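The primary structure of each chain is shown beneath.
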Amino acid sequence: MKIFAQRIKELRKEKKKTQVEIAAIFEISVRQYQNYEGGINYPDVAGLIRIADYFGVTTDYLLGRSDRRD
């Protein structure tokens, strides 16, 4: 699931947001978000959907099942 970590980091940088800002938006700890970007932990299904919705991409894109964002 390294692709998930890479893609959320890329998407965050495109929005010019810090990890702290994104963690606050998703109402999770900064450490938890850092673990997502580090490929250590992954969100539950509801969290995955929230992330996809925020970044305007599909869950398949986040999970590496598709290279299409929409």
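Scroll up to find the structure.
Residues numbered from 1 in each chain as written. Predicted model: local features only at pLDDT ≥ 70, side-chain atom pairs only at ≥ 80, totals over all residues. Heavy atoms only, no water.

### What about the overall build of the protein?
Piece 1. Assigned secondary structure in the protein consists of five helices and zero strands.
Piece 2. The helix and strand sequence of the protein, counted from the amino end, reads α-α-α-α-α.
Piece 3. In terms of overall size, the protein behaves like a compact globule, its C-alpha atoms giving a radius of gyration of 11 Å where 70 residues would be expected to give roughly 11 Å.
Piece 4. Considering only C-alpha atoms, the protein reaches an extent of 30 × 25 × 20 Å along its principal axes.
Piece 5. Relative to its 70 residues, the protein shows a buried fraction of 31%.
Piece 6. Considering only contacts in the protein between residues 6 or more positions apart, those separated by 24 or more positions represent 57%.
Piece 7. If you sum the accessible surface of the protein, you get close to 4400 Å²; carbon and sulfur atoms cover 49% of it. (Helix = DSSP H or I, 4+ residues; strand = E, 2+ residues; numbered from the N terminus. Rg over C-alpha atoms; globule rule 2.2 N^0.38 Å. Buried < 20%, exposed > 50% of the residue type's maximum accessible area, 1.4 Å probe, protein only. Contact = heavy atoms within 4.5 Å. Areas by Shrake-Rupley, 256 points an atom, 1.4 Å probe, with all protein chains shown as cover.)

### What to know about the pattern of salt bridges
Piece 1. Scanning the model with the defined rule gives six salt bridges in all.
Piece 2. Here Arg68 makes a salt bridge to Asp70, at a shortest N to O gap of 3.1 Å.
Piece 3. For Asp70, a relative accessible area of 65% translates into the label exposed.
Piece 4. Salt bridges sharing common partners tie together Glu10, Glu14 and Arg69. (Salt bridge = Lys/Arg side-chain N within 4 Å of Asp/Glu carboxyl O.)

### Observations concerning the packing of aromatic side chains
Piece 1. Enumeration over the complete set of coordinates arrives at six aromatic pairs.
Piece 2. Aromatic pair Phe4 and Tyr36: ring centres 6.4 Å apart, planes at 70 degrees, arrangement edge-to-face. Taken together, the residues Phe4 in helix α1 (residues 2-14) and Tyr36 in helix α3 (residues 30-37) connect sequence positions 32 residues apart. Of the two residues, Phe4 and Tyr36, neither departs from the other in class, the shared state being buried.
Piece 3. Geometrically, the ring pair formed by Phe26 and Phe55 is edge-to-face, given 6.3 Å between the ring centres and 70 degrees between the ring planes. In this pair, Phe26 sits in helix α2 (residues 19-26) while Phe55 sits in helix α4 (residues 45-55), placing the two residues 29 residues apart along the sequence.
Piece 4. Classification of Phe26 as buried rests on a relative accessible area of 7%.
Piece 5. Phe55 gets classed as buried once you look at its relative accessible area, which sits at 9%.
Piece 6. Here Arg7 stacks its cationic end above the ring of Tyr61, 4.1 Å away from the centre of that ring.
Piece 7. Taking NZ or CZ as reference, Lys15 lies 5.0 Å from the ring centre of Tyr54, over its face. (Phe/Tyr/Trp six-rings, centres within 6.5 Å; stacked < 30°, edge-to-face > 60°. Lys NZ or Arg CZ within 6 Å of the ring centre and 35° of its normal.)

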